[in-house]
Amino acid sequence: MFLKNCWYVAGWDHELIDGKLLSRMLLNENVLLYRGESGKVVAMNDRCPHRGALLSQGRLEGDAVRCMYHGIKFDGAGKCVQIPGQDLIPPKMRVRTYPVHEAGHLVWIWMGDPAKANVSEIVDFPYLRDPAWKGLPGYLHYDANYVLDNLSDLAHLAFVHTKTLGGSEEYAYVTKPAVIEKLERGYRLERWHMNIDPPPFHKKVISNKYEKVDRRNRVNMFIPGIFYMETIFAPAGQGAEKGVAVPGTREYRNCQFMTPETDRTTHFFWAYLNNFEGDDTTISRSLLDSLLEGFMEDKAIIEHQQQTLDDDPGFEKQMLAIIADAPLVHFRRTLGKLIDAEQAPAGTAIAN
Amino acid sequence: MFLKNCWYVAGWDHELIDGKLLSRMLLNENVLLYRGESGKVVAMNDRCPHRGALLSQGRLEGDAVRCMYHGIKFDGAGKCVQIPGQDLIPPKMRVRTYPVHEAGHLVWIWMGDPAKANVSEIVDFPYLRDPAWKGLPGYLHYDANYVLDNLSDLAHLAFVHTKTLGGSEEYAYVTKPAVIEKLERGYRLERWHMNIDPPPFHKKVISNKYEKVDRRNRVNMFIPGIFYMETIFAPAGQGAEKGVAVPGTREYRNCQFMTPETDRTTHFFWAYLNNFEGDDTTISRSLLDSLLEGFMEDKAIIEHQQQTLDDDPGFEKQMLAIIADAPLVHFRRTLGKLIDAEQAPAGTAIAN
Amino acid sequence: MFLKNCWYVAGWDHELIDGKLLSRMLLNENVLLYRGESGKVVAMNDRCPHRGALLSQGRLEGDAVRCMYHGIKFDGAGKCVQIPGQDLIPPKMRVRTYPVHEAGHLVWIWMGDPAKANVSEIVDFPYLRDPAWKGLPGYLHYDANYVLDNLSDLAHLAFVHTKTLGGSEEYAYVTKPAVIEKLERGYRLERWHMNIDPPPFHKKVISNKYEKVDRRNRVNMFIPGIFYMETIFAPAGQGAEKGVAVPGTREYRNCQFMTPETDRTTHFFWAYLNNFEGDDTTISRSLLDSLLEGFMEDKAIIEHQQQTLDDDPGFEKQMLAIIADAPLVHFRRTLGKLIDAEQAPAGTAIAN
């Protein structure tokens with residue numbers, strides 16, 4: 001069960017170069033994505049309505065695509081414009097298309113009721129199009145449902161990512177209680193870790209590797225699976241936590257997008273940006289590697305979690321919460337209510 | 001749901017040489033096929049009735065087979081003739097056998113009620129045993145239901161097989177309307193393509209490669225999945241379509257047999273014969289390769305089609321027909337009626 | 001459906017050296033097995049009750065284990081003793097543990113009601129801890145239910161193991177009728193094969209390879225899947241079958257343990273011991289190899305049998321018994337009654 005009436009990330013813009021007919025399953029639907037010769041991005045159901053052949057195995061002709069089974073051609077709005085050997089085109093011969101929107105190297109898609117698609121509802125992440133912030137686009141595939149929890153769960157940093165993104169197990173014991181602000185469609189969270197060694201991923205890209213730092217992660221998480229984080233590492237003990245702009249502070253901007261492929265698999269798009277690499281492109285490359293290393297640690301855990309739930313679906317309701325789970329619980333409850341409302345027959349009142 | 005009371009091709013005769021115990025699933029049943037020492041071909045259920053071991057892992061003894069789990073032996077009629085260490089043989093200890101018939105290098109099998117098996121119902125293809133016609137036996141396995149459509153669908157030649165069996169996309173636009181004659185258990189169809197370059201598979205085996213030709217495909221398709229085609233390539237513009245016997249014409253005879261393995265997999269046997277190779281056996285070999293290449297193009301498409309239907313079984317009823325689908329529609333309807341009649345309880349009237 | 005209130009073999013003791021956190025599915029439950037620093041063996045459910053991570057991917061700390069997802073720690077009794085960043089530990093935060101018992105290099109586990117676990121019910125096999133008997137521990141995994149029959153079925157020796165453990169097909173025809181003594185929880189069986197060549201596995205480890213022998217297999221089979229066999233090979237014709245202690249007799253002691261992993265997969269532990277190798281350790285190694293070779297022959301057959309039953313579950317009730325199946329039929333009936341009794345609501349009378 002997915003929330004349909006919202007924007008999801010369907011891909012990075014660089015995936016649609018050179019007339020590529022990209023087939024990608026999104027929310028259990030096979031979607032064909034391509035950039036037509038006019039430059040417009042098209043998303044349509046990847047199935048010819050005649051005999052079900054993959055349109056992504058077809059041929060791009062201008063902004064249209066031709067099925068290469070019997071040669072039937074559809075324009076960028078999904079309308080059939082040619083059936084070889086037949087003059088009359090039945091009006092029902094058409095393919096569903098989906099609203100799309102490009103912004104900041106991302107291709108967003110709306111899988112629900114097209115009449116409700118409103119581009120202004122996309123939560124902007126301006127750093128992706130700001131030349132001051134550098135970074136490489138990332139992608140991973142998870143064999144797990146897209147709301148499996150560790151995006152909303154800074155506590156796991158300590159034990160899962162000790163040697164990559166976290167840095168020490170102490171993080172789980174001593175970090176200041178998180179600020180948690182519940183939002184209508186997500187939450188805001190802040191967590192400080194004071195006077196620590198730089199964690200491995202950060203240490204690799206800085207010169208003063210043995211200076212203690214104060215670390216702050218500020219997270220904004222939004223429905224359906226959008227995670228924006230602003231991280232700073234300030235030289236320790238100089239008041240960064242009180243708002244002092246400490247010289248030598250390093251900053252990162254991180255966006256992560258979880259888009260369901262199926263009920264139990266997920267597309268994961270992300271970028272981890274810095275504003276200090278200057279001309280040294282090895283910093284972006286190192287951060288890409290480090291984040292990938294960390295996400296592979298997550299992948300192992302959440303894919304096993306999915307397997308556990310597949311084997312014993314009843315376990316989901318038996319899981320025992322700990323205090324650190326609060327943001328996650330809020331996020332799941334909020335998402336659940338929205339899905340229930342969307343699924344409810346028109347006119348039904350949803351209890352809050 | 002298969003039609004049971006009809007003849008299917010179970011294999012080529014060369015598959016049963018040297019006492020081979022061939023295990024082949026046909027219509028969801030594991031069948032053991034072998035040629036006994038007397039020369040007789042036997043088809044029996046490939047499961048020992050004692051503890052279920054594979055008889056095809058057993059040992060051929062004359063016309064009998066011995067299970068190599070506990071040594072129980074069955075004759076070619078499926079009757080148990082020995083249980084080691086036990087004198088009395090219970091009459092129930094026997095294996096089901098199936099009527100078989102050999103003709104023209106083919107082994108035909110009847111999977112339905114043995115009392116209804118009538119060899120005269122096999123539709124003959126005399127070219128397979130005529131020394132004037134040369135060609136090599138072919139086999140492919142499809143991960144798709146055996147009535148998936150492209151056998152009945154000459155229109156797909158243009159786009160799927162452009163570079164192999166078809167030759168040009170024009171075929172879909174300009175060929176004369178097909179003659180379609182509906183038969184009680186199939187159809188007859190004819191299609192001409194005038195004044196064209198020889199398609200690639202034909203061009204490879206002729207000397208005058210740049211002479212335009214008129215192509216005629218004449219198809220006979222029969223229940224349950226038997227396709228016979230007579231093809232001519234005549235030098236263009238000399239009246240072949242009016243029945244003129246044009247010198248330099250090349251002819252082919254093609255038989256194809258689709259036998260269901262399971263509900264979603266198919267055995268595909270075929271041969272593509274010519275009468276002009278003389279002593280040049282490279283022509284048969286080239287045609288075998290060319291046809292295989294073309295059928296691999298089909299395989300990719302129909303296996304995806306099967307996947308599409310597996311993922312969304314409702315799509316089968318939503319498919320939108322085009323005019324070129326007419327023979328296919330007739331064939332499916334005819335087959336469907338026969339299956340319904342066979343499945344109906346005795347005494348039930350079937351509406352036509 | 002498994003018998004729960006009984007002892008199963010969970011593993012060999014050597015599998016738990018060096019602090020290994022061994023994850024093993026037993027009776028459809030993921031079990032974590034380890035030896036704590038105190039030397040005590042612990043078996044607990046391999047799933048953190050917080051978010052389901054594998055405890056076997058955690059860290060051994062003394063006799064306790066720490067989940068490496070969020071750092072929650074459980075002692076050897078399954079009690080939660082630490083949640084990082086949280087003072088109060090909810091009493092429900094605990095993991096199920098299972099009674100275990102070590103004896104003769106085996107780790108036994110009780111998967112049923114812990115209150116009913118009674119170590120004295122374990123059927124002893126003293127040879128495993130007797131230094132006079134030598135042999136190496138074996139393990140195989142079967143993709144088949146653990147009661148598939150060939151343990152209880154000496155008849156299959158003749159045809160399946162002709163060239164390994166059996167020696168000749170004659171075994172099935174001429175061996176003396178087996179002594180079969182039905183026991184409350186199993187059976188005892190004895191079978192003699194007189195005046196034969198030594199079978200291949202035995203021939204490899206003796207010097208007088210061409211002397212005829214009398215072979216006796218004496219089997220004790222117990223619920224749930226415990227097989228103990230005492231085998232002798234005596235020089236032929238000197239009265240071994242009448243109890244004469246014939247000089248030159250060679251003896252073996254063989255234990256086999258079938259433990260269900262899932263409904264259709266099995267852990268198989270075994271050892272084949274001899275008392276004559278002296279300092280020649282190649283004899284144990286040769287016997288390990290020979291038995292493995294024989295069990296691989298079984299594996300091929302019973303895995304296919306499982307496949308046959310998966311494809312056609314109704315076949316289980318249609319199988320036709322032969323006389324040699326008697327012990328097997330008794331064992332299955334006895335086990336079935338115990339399972340029914342265990343599954344029955346308290347107070348229900350079970351018909352015998």
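Residues numbered from 1 in each chain as written. Chains lettered and ligands numbered in written order. Predicted model: local features only at pLDDT ≥ 70, side-chain atom pairs only at ≥ 80, totals over all residues. Heavy atoms only, no water.

## Remarks on the overall build of chain A
(1) Moving on: Secondary structure summary: chain A contains seven helices and 17 strands in total.
(2) Moving on: Scaling as 2.2 N^0.38, a compact globule of 352 residues should have a C-alpha radius of gyration of about 20 Å, and chain A matches this with 23 Å.
(3) Moving on: Dimensions of chain A, computed from C-alpha atoms along their principal axes, come out at roughly 80 × 50 × 35 Å.
(4) Moving on: Going through the 352 residues of chain A one by one, you find that 54% of them count as buried.
(5) Moving on: Of the contacts made within chain A by residues no fewer than 6 positions apart, 57% connect residues no fewer than 24 positions apart. (Helix = DSSP H or I, 4+ residues; strand = E, 2+ residues; numbered from the N terminus. Rg over C-alpha atoms; globule rule 2.2 N^0.38 Å. Buried < 20%, exposed > 50% of the residue type's maximum accessible area, 1.4 Å probe, protein only. Contact = heavy atoms within 4.5 Å.)

## Quick look at the relation of the copies chain C and chain B
What relates the pair of chain copies is a rotation about an axis plus a shift along that axis.
(1) Moving on: Overlay of chain C on chain B (RMSD 0.0 Å): rotation 120°, translation along the axis 0.1 Å. Within this description, the copies of the chain are treated as partners about a three-fold rotation axis. Among all residues of chain C, the minimum C-alpha distance to the rotation axis is found for C:Asp310, at 12 Å. (Least-squares fit on C-alpha atoms with pLDDT ≥ 70 in both.)

## Examining the layout of surface pockets
(1) Moving on: The calculated volume of the largest pocket comes to roughly 850 Å³.
(2) Moving on: Lining the largest pocket are 27 residues, with C:Asn145, C:Val147, C:Leu309, C:Glu316 and C:Arg332 sitting closest to its centre.
(3) Moving on: Elements with a contribution of two residues or more to the lining of the largest pocket: helix 5 (282-311), helix 6 (315-318) and helix 7 (326-343) of chain C.
(4) Moving on: With eight residues, the single largest contributor to the lining of the largest pocket is helix 7 of chain C.
(5) Moving on: If you go around the second largest pocket, you meet 17 residues; those closest to its centre are A:Met1, A:Asn145, A:Val147, A:Glu316 and A:Arg332.
(6) Moving on: Sorting the residues of the lining of the second largest pocket by element identifies helix 5 (282-311), helix 6 (315-318) and helix 7 (326-343) of chain A as the ones contributing at least two each.
(7) Moving on: Here the lining of the second largest pocket gets four residues from one element, more than from any other, and that element is helix 7 of chain A.
(8) Moving on: When its residues are assigned to classes, the lining of the second largest pocket shows nine nonpolar, three polar and five charged. (1 Å grid on protein atoms, 1.4 Å probe; cavity = no way out; pocket = protein on both sides within 12 Å on 5 of 7 lines; lining within 4 Å. Points joined across faces, edges and corners; volume = space filled by probe spheres on them. Nonpolar A, V, L, I, M, F, W, Y, C, P; charged D, E, K, R; others polar.)

## Some words on the interface of chain B and chain A
(1) Moving on: Across the contact, 26 residues belong to chain B and 21 residues belong to chain A.
(2) Moving on: Here chain B and chain A share an interface that buries about 2100 Å² over both sides, 56% of which is from carbon and sulfur atoms.
(3) Moving on: Its largest share of buried area at the contact with chain A, chain B owes to B:Phe159, B:Leu320 and B:Ile322, together 31% of the area lost on that side.
(4) Moving on: Counting across the interface, chain B meets chain A through nine residue pairs in polar contact (both at pLDDT 80 or more). (Buried area = accessible area lost by both parts, 1.4 Å probe. Polar contact = N/O pair within 3.5 Å; in protein donor to acceptor, adjacent residues only side chain to side chain.)

## Some details on the sheet that holds strand 2 (residues 22-26) of chain C
Residue and element names in this part refer to chain C.
(1) Moving on: Across the sheet, which stays open at both edges, the three strands sit in the order 2-3-4 with antiparallel pairing between neighbours. Each edge of the open sheet is held by one strand with a lone partner, namely strand 2 and strand 4 (41-45). Neighbour to neighbour, the strand axes of the sheet diverge by 30° on average, direction disregarded.
(2) Moving on: Bridge analysis of strand 2 against strand 3 (residues 29-35) gives five bridges, and the strand direction is antiparallel. For Leu26, the partnering residue across the bridge sits in strand 3 and is Glu29. (Pairing = 2+ DSSP bridges. Axes fitted to C-alpha atoms, helices over the stretch in contact; angles between N-to-C directions.)

## Things to note about unusual backbone geometry
(1) Moving on: Each neighbour pair has its own omega, and for B:Ile223 with B:Pro224 the value is 0°, a cis peptide bond.
(2) Moving on: Tracing the backbone through its elements, the reader meets B:Pro224 in the loop between strand 14 (213-222) and strand 15 (226-235).
(3) Moving on: Although it is not a glycine, B:Asn28 sits at a positive phi angle of roughly 70°.
(4) Moving on: Residue B:Asn28 is classed as partly exposed on the basis of its relative accessible area, which comes to 38%.
(5) Moving on: For C:Leu27, which is not a glycine, the phi torsion comes out positive at approximately 50°.
(6) Moving on: Of note, C:Leu27 is situated in the loop between strand 2 and strand 3.
(7) Moving on: For C:Leu27, a relative accessible area of 4% puts it in the buried group.

## Points about the pairing of strand 17 (residues 265-274) of chain C
All names here are of chain C.
(1) Moving on: Across the ten residues that make up strand 17, a large majority, ten, are buried.
(2) Moving on: Taking every second residue as pointing to the same face, both faces of strand 17 are buried, with Thr265, His267, Phe269, Ala271 and Leu273 on one and Thr266, Phe268, Trp270, Tyr272 and Asn274 on the other.
(3) Moving on: As paired strands, strand 11 (residues 137-142) and strand 17 are joined by six bridges and run antiparallel to one another. Looking at strand 17, one finds that Tyr139 is bridged to Phe269.
(4) Moving on: Linking two consecutive strands that pair antiparallel, namely strand 16 (residues 250-262) and strand 17, is a turn of two residues.

## Quick notes on the state of the cysteines
What is meant by a disulfide is a covalent connection between two cysteines, made through their sulfur atoms.
(1) Moving on: This model, assessed by the stated rule, comprises zero disulfides over all chains.
(2) Moving on: The thiol of A:Cys48 is not disulfide-bonded; the next cysteine sulfur, from A:Cys67, is found 4.0 Å away.
(3) Moving on: Unpaired in terms of disulfides, B:Cys80 finds its nearest cysteine sulfur in B:Cys48, a separation of 8.1 Å. (Disulfide = S-S within 2.5 Å.)

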